[in-house]
Amino acid sequence: MKYSIGLLRGDGIGPEIVDSAVRVLRAVGEKFGHEFVFTPYLIGGAAIDACGQPLPKETVDGCLASDSVLLGAVGGPKWDHLPGNLRPEKALLGIREAMGLFTNLRPAKLYPALKAECPLREDIVEKGFDIMIVRELTGGIYFGERGYREGRYGEEAYDTERYSRMEIERIVRVAFETARKRRKKLTSIDKANVLETSRLWRKIFHEIAAEYPDVEATDMLVDNAAMQLVRNPAQFDVIVTSNMFGDILSDEASQITGSIGMLESASLSDCKRGLYEPIHGSAPDIAGQGKANPIATILSAAMMLLYAFDLKDEAGAIVAAVEKALADGLRTADIARGGAAVSTDEMTDAIVQRL
Ligand code: NAD
């Protein structure tokens, strides 16, 4: 099969880590008989330097025409003085909006080789965890009506949580499909004891659950979920939740895994096209020094193979190669705990060799 992939290298360590992921994808293509065609587009500070704006039209058009998109990271001190709408980070919201990316998938997985990095108690760490958070990305309180007004006690402000059936249905379906590709267990997190939007969310969740009898579907209140994530994270497989709850819970989940350089993510639209990126930023402090951990971006490429192209074995091969490299003791500086560290290229070589 032939797949076109738009590359948004961006700024800081972005070009280094995207190039690492490209090398891994090329090796997977050779091994499994696929052709990946890569086309780079400008984004962020690099685009500002080249043409005066963070998200040029050619970039948007190119991404929309690609089968999928891989992003490094944008931003850096060089562009920090610019006004908000001209800053590199503005391009992230712009490309998500242009591609209609309403789903954010964020895995939080504890790699056996990195157990020492986990801040949780030893007996919890021993059980391990592998969670996928499915967060609604374009609705809810972040996009509802808001404002300031004069209230009974003077100045007041308000934000409104609003969800339509369509918005809930489509994210819940993504979550069930995601659970089907994993351990077939889905937890919907809401605040149905207080919020109307949560009660609608819960009703629709159970309607759709009837279409997926092979997936174990349960509800959990968000306050309990925040506690359970640190008490017993092993109980979760896939979590689906609203924009704000997902924002908070996915940060909590990422913190219990160890290093930011390890965590991948996907933002998805109605069609299979999506945008895949590490959760970290452009790390200007280590850019150009060969110190960046490429694993988050390499795992983002694995997510692309699984979710955009349905290439389960190929995605699994990348994850297995990363796990093998870690088990064999290879560490970039961020996960070396002061011990011997390999460079970005050396870690990439090691993963390619183990494919
Ligand atoms: P950051 O994630 O770039 O870096 C935080 C710390 O983690 C730094 O010490 C960095 O060296 C380290 N780190 C990050 N990724 C690493 C990796 N792969 N390997 C090893 N170490 C890694 O966050 P920041 O410093 O707050 O932001 C830097 C710039 O990135 C800012 O301009 C910010 O706006 C931007 N940013 C972009 C994105 C994105 O493009 N999606 C996300 C967050 C921040």
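Residues numbered from 1 in each chain as written. Predicted model: local features only at pLDDT ≥ 70, side-chain atom pairs only at ≥ 80, totals over all residues. Heavy atoms only, no water.

Draft legend 1. Examining the overall build of the protein chain more closely. Secondary structure assignment for the protein chain yields 12 helices and 12 strands. Relative to its length of 355 residues, the protein chain is compact, with a C-alpha radius of gyration of 20 Å against a globular reference of 20 Å. Going through the 355 residues of the protein chain one by one, you find that 52% of them count as buried. Within the protein chain, contacts between residues at least 6 apart in sequence are counted, and of these 76% link residues at least 24 apart. (Helix = DSSP H or I, 4+ residues; strand = E, 2+ residues; numbered from the N terminus. Rg over C-alpha atoms; globule rule 2.2 N^0.38 Å. Buried < 20%, exposed > 50% of the residue type's maximum accessible area, 1.4 Å probe, protein only. Contact = heavy atoms within 4.5 Å.)

Draft legend 2. Just the pairing of strand 7 (residues 154-159), in detail. As paired elements, strand 6 (residues 146-151) and strand 7 share 6 bridges and run antiparallel to each other. Counterpart to Arg146 in the pairing with strand 7 is Asp159. Counting the residues that bridge the hairpin from strand 6 to strand 7 gives 2 residues. (Pairing = 2+ DSSP bridges.)

Draft legend 3. Representation of the site of the ligand. With respect to spatial proximity, 20 residues lie near the ligand, and among them Val74, Glu89, Gly281, Ala283 and Asn293 are the closest. A distance of 2.9 Å is found between an oxygen atom of the ligand and a backbone nitrogen or oxygen belonging to Val74. The separation between an oxygen atom of the ligand and a polar side-chain atom of Glu89 is 2.4 Å. Protein contact buries 68% of the 810 Å² of open area that the ligand shows by itself. In terms of residue class, the shell around the ligand is built from 9 nonpolar, 7 polar and 4 charged. (Near = heavy atom within 4 Å. Polar contact = N/O pair within 3.5 Å; in protein donor to acceptor, adjacent residues only side chain to side chain. Areas by Shrake-Rupley, 256 points an atom, 1.4 Å probe, with all protein chains shown as cover. Nonpolar A, V, L, I, M, F, W, Y, C, P; charged D, E, K, R; others polar.)

Draft legend 4. Structural view of the packing of helix 8 (residues 222-231) against helix 9 (residues 243-255). One way to put it is that helix 8 packs onto helix 9 with a least axis distance of 10 Å and a crossing angle of 10°. The orientation of helix 8 relative to helix 9 falls into the category roughly parallel. Side by side, helix 8 and helix 9 meet where Val222, Ala225, Ala226, Leu229 and Val230 of the first sit next to Phe245, Leu249, Glu252 and Ala253 of the second. Split into classes, the residues belonging to the contact of helix 8 with helix 9 amount to 8 nonpolar, no polar and 1 charged. (Axes fitted to C-alpha atoms, helices over the stretch in contact; angles between N-to-C directions. Parallel < 35°, antiparallel > 145°, perpendicular 65-115°, else oblique.)

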